[in-house]
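This is what each chain is made of:
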Amino acid sequence: MRLTRLTGLTRLPFGLRASLSASMVGLAMLVSIGGLAVYMALTMRATVTAASERARAVAQQAALLAGRATGEPGGSPVREVLVQRDRALAALFESALAGDPTLYDIGVFDADGYALAHSEPERKGRRQPSRPAIAELMRGDVVTQALRLLGPPRTYNEVVALSAAGVPFGEVRVGVSTALLRDQLWLTVRAGLWVMGIALLLAIVVALGLAQLLSQRVRTVVAGLQRLREGEFGYRLAVEGGDELALLASSINELGERLQATRARAAAGEVDPGELLQTTGRMAAWAKVASGLAHEMAEPLNAAVLHLGHLRRKWTDAKPETARHLTVLEDELKRLEQVVKGFRRFALLGEMRAEWFDLRALLSEIAARPREPMFDRRIELVLDVDELPERFWGDRTLLRQALTNLVTNAEQAMPGGGHVTLGARRGEAGVELSVTDEGVGIPEDLQARVFDLYFTTKDDGTGIGLAVVQQIVQLHGGRIRLRSALGQGTQITLQLPVRSLETVHAA
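Bear in mind the structure is a predicted one, so any value in this text is a computation, not a measurement. (Residues numbered from 1 in each chain as written. Predicted model: local features only at pLDDT ≥ 70, side-chain atom pairs only at ≥ 80, totals over all residues. Heavy atoms only, no water.)

A. Just the overall build of the protein, in detail. When helices and strands are counted, the protein shows 12 helices and 11 strands. In the protein, which comprises 507 residues, the proportion classed as buried is 42%. A total accessible area of about 27700 Å² is found for the protein, and carbon and sulfur atoms account for 57% of it. (Helix = DSSP H or I, 4+ residues; strand = E, 2+ residues; numbered from the N terminus. Buried < 20%, exposed > 50% of the residue type's maximum accessible area, 1.4 Å probe, protein only. Areas by Shrake-Rupley, 256 points an atom, 1.4 Å probe, with all protein chains shown as cover.)

So, in structure tokens, the structure goes:
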């Protein structure tokens, strides 16, 4: 019994830690990526603006030096020679290109477009092809600017007109290359990526810490549920905080107090059937709280699965070790999703909608239900119905689910084929519904645990099916009985009370 408790405690908290950690890391990644995008946009605009301002400053200095070198207006040949021989202008070209990694070239051109002086000596005396102005690179929104920077390399010019003694005679052109701008931008973005990586590591550490704290509280609640199921109605949970977990712990404590009081009064013979029905109603109220908790757990789980899928699609060049961790995380999230679904389905059983219905027709419907092909396994379902009441009071849907679960388990227990018998008869205490197989049987040391929530002997089982059956039987005020022997098969019998139809006579 203690092993069952430990099994139930270790499954849910581990999956909860994984889902919480994945969701918080995913949120941190979204925030980091969003921040990096904004950072890149601002950095890109600032880099282009700074490059334009530096290019204009260099162009103005070159224009000033060229104007001083020409002196008073004279013949064009004299002006060209003066500009070409000006050492200050050559020194400016060299220092500007060495000090600014975004500048591509600098040149002084005459009115016809021929280079009088240039940072690349082989271009002197040649015409330079027209280039777009750097103002064009700065126009448009962030996306347009990014497309220009990340597109094919291109050079933009910052142009300042030349004049000597107030007479224009040419212009200075300073080229800014998008390839060089990209290199500068990448240096800045690389620093941002390091910051994002450090932020993600911190987020993972914080997520694991918070998940551990929350899972400890969940573990405590699950321990309380296990003790109530084992009949320890005097056990009380420590209620901390005012969230859903604290509300659930308070509800469990209240349920334990009422069950303990009811058991004491029942032992003294002071409890009537009506009060027992009221206790069942309180269990239904608790089930609603548990269902709400399952719903709250499902939302961060779905977000974690979604962000993990995005991460796997985007991270195409992940290392084998990283890919293995992602696969393990994805498997654990899927397992937690099945646990949450099963817990929600188990909790929703606390509400029974009873009505009068034909039990014989329900059994015939289950026997004739479409099932997966069993021809190769040679499995045959046999219906054995004895005398039954004309009408039965209960929840038809829940009983159908319980019997279907038992028939499915019986079929899975016979890998070599055989007969599954769905039986029903009228007993002394009511109606007995049974499902008998000719399968492998259940070991004696495991028979007391097969109805525990999340206990299973199957590799792909969830441990919920038989727990649901037991819950349905308890909601109907009945009992469940198991008989099994290794190699001889298993029989599970549901003993359900019967209510009599009362005839109403008109006055």
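B. Highlighting the sheet that holds strand S10 (residues 479–485). Read from one edge to the other, the open sheet built from 5 strands follows the order S6-S8-S9-S11-S10, with strand pairing classed as mixed. Whereas interior strands pair on both sides, the edge strands pair on one side only; in this sheet they are strand S6 (379–385) and S10. Averaged over all pairs of adjacent strands, the angle between strand axes in this sheet comes to 10°, irrespective of strand direction. Relative to strand S8 (residues 418–426), S6 runs parallel, the two being bridged by 7 bridges. Note that in S8 the partner of Val-382 across the bridge is Thr-421. (Pairing = 2+ DSSP bridges. Axes fitted to C-alpha atoms, helices over the stretch in contact; angles between N-to-C directions.)

C. Focus on the nonpolar core. Leu-359, Leu-433 and Leu-494 are the most contacted members of the largest nonpolar core, which has 38 residues in total. Put simply, the parts of the chain that give this core at least two residues each are helix H10 (359–367), S6, helix H11 (396–412), S8, strand S9 (431–436), helix H12 (465–475) and strand S11 (489–496). When residues in this core are grouped by element, the largest group, 7 residues, is from H11. If we skip the residues at most four places from it in the chain, Leu-494 touches Leu-403, Leu-406, Val-431, Glu-432, Leu-433, Val-469, Val-473, Arg-479 and Ile-480. Of all hydrophobic cores here, the second largest spans 33 residues; its members include Leu-92, Ala-96, Phe-169 and Val-189. (Core = buried A, V, L, I, M, F, W, Y, C linked by side-chain atoms within 4.5 Å. Contact = heavy atoms within 4.5 Å.)

D. Molecular detail of the pattern of salt bridges. All chains considered together, the criterion is met by 9 salt bridges. Between Glu-432 and Arg-425 there is a salt bridge; the shortest N-O distance is 2.8 Å. Overall, the relative accessible area of 41% leaves Arg-425 in the partly exposed class. Ionic contacts of the salt-bridge type, sharing partners, join the residues Asp-105, Glu-120, Arg-123 and Arg-131 into one network. (Salt bridge = Lys/Arg side-chain N within 4 Å of Asp/Glu carboxyl O.)

E. Structural detail: the pairing of strand S2 (residues 115–118). Pairing between strand S1 (residues 103–110) and S2: 3 bridges, direction antiparallel. Considered in S2, the bridge of Val-108 is made with Ala-117. The hairpin formed by S1 and S2 contains 4 residues between the paired strands, and Gly-113 there has a positive phi angle of roughly 90°.

F. Spatial organisation of H12. Summarising burial for H12: 8 of the 11 residues are buried, a large majority. Taken as a whole, H12 has its buried residues at Leu-466, Ala-467, Val-468, Val-469, Gln-471, Ile-472, Val-473 and Leu-475. Phi turns positive, to about 75°, at Gly-477, one or two residues after H12.

G. Region of interest: the packing of H11 against H12. For the pair H11 and H12, interaxial distance at closest approach is 9 Å and the crossing angle is 145°. In this structure, H11 crosses over H12, and the sense of that crossing is left-handed. Of H12, the residues touching H11 (which contributes Leu-398, Leu-399, Gln-401, Ala-402, Asn-405, Leu-406 and Asn-409) are Gly-465, Leu-466, Val-468, Val-469, Ile-472 and Leu-475. Residue composition of the contact of H11 with H12, by class: 9 nonpolar, 4 polar and no charged. (Left-handed = near helix turned anticlockwise from the far one by under 90°. Nonpolar A, V, L, I, M, F, W, Y, C, P; charged D, E, K, R; others polar.)

H. Representation of the side chain of Asp-110 within the structure. Within the secondary structure layout, Asp-110 lies in strand S1. One buried charged side chain, Asp-110, makes no salt bridge at all; its nearest oppositely charged neighbour is Arg-127, positioned 6.4 Å away. Engagement of the side chain of Asp-110 in a polar contact is seen with the backbone nitrogen of Tyr-114, the distance being 2.8 Å. (Lys, Arg positive; Asp, Glu negative; His and termini not counted. Polar contact = N/O pair within 3.5 Å; in protein donor to acceptor, adjacent residues only side chain to side chain.)

I. Here's a closer look at a nonpolar patch on the surface. A cluster of nonpolar side chains, Trp-186, Leu-187 and Leu-193, forms an exposed patch at the surface whose accessible area comes to about 280 Å². As for its position among the elements, Leu-187 is in helix H6 (residues 178–229). (Patch = residues over 30% accessible without salt bridge, like charges linked within 9 Å, V, L, I, M, F, W, Y side chains within 5 Å.)

J. Inspection of helix H3 (residues 87–99) at higher detail. If you check H3, its first and last C-alpha atoms are 18 Å apart, about what 13 residues at 1.5 Å a residue would give, namely 18 Å. Of the positions making up H3, those classed as buried are Leu-89, Leu-92, Phe-93 and Ala-96. Relative to the axis of H3, the buried residues are bounded by an arc of 100° and lie together on one face. Of the exposed residues in H3, the ones pointing more than 90 degrees away from its buried face are Arg-87, Glu-94, Ala-98 and Gly-99. (Expected span 1.5 Å × (residues − 1). Arc of directions from axis to C-beta.)

K. Seen up close, the packing of aromatic side chains. If you walk through the whole model with that rule in mind, you get 2 aromatic pairs. Stacked on the ring of Phe-109, the Lys or Arg Arg-173 has its end atom at 4.2 Å from the ring centre. (Phe/Tyr/Trp six-rings, centres within 6.5 Å; stacked < 30°, edge-to-face > 60°. Lys NZ or Arg CZ within 6 Å of the ring centre and 35° of its normal.)

L. Broad picture of the packing of H10 against H11. Running from amino to carboxyl end, H10 crosses H11 at an angle of 40°, the nearest separation of the two axes being 11 Å. Between H10 and H11, the crossing angle belongs to the class labelled oblique. Of the two elements, H10 crosses H11, and the hand of that crossing is right-handed. When H10 is examined against H11, the residues Leu-362, Leu-363, Glu-365 and Ile-366 are found in contact with a partner set consisting of Arg-396, Leu-399, Arg-400, Leu-403 and Thr-404. Per-class residue counts for the contact of H10 with H11 are 5 nonpolar, 1 polar and 3 charged. (Parallel < 35°, antiparallel > 145°, perpendicular 65-115°, else oblique.)

M. Summary view of the side chain of Asn-157. For Asn-157, the location among the structural elements is in strand S3 (residues 155–164). The exposure class of Asn-157 is buried, given its relative accessible area of 5%. Here the side chain of Asn-157 touches Arg-131 through a polar contact of 3.2 Å, side chain to side chain. The contact partners of Asn-157, leaving out residues within four places of it in the chain, are Gln-128, Arg-131, Pro-132, Ala-133, Ile-134, Arg-173, Val-174 and Gly-175.

N. Layout of the confidence of the model for the protein. Per-chain confidence: the protein averages 75 in pLDDT, with 73% of residues scoring 70 or above. No element of the protein has a lower mean pLDDT than helix H8 (residues 273–314), which averages 60, and none a higher one than S9, which averages 93. (pLDDT = per-residue confidence, 0-100.)

O. Local environment of the pairing of S8. Here S8 pairs with S9 via 6 bridges, running antiparallel. Looking at the pairing, Arg-425 lines up with Glu-432 of S9. Between S8 and S9, which pair antiparallel in sequence order, lie 4 residues; one of them, Gly-430, sits at a positive phi of approximately 150°.

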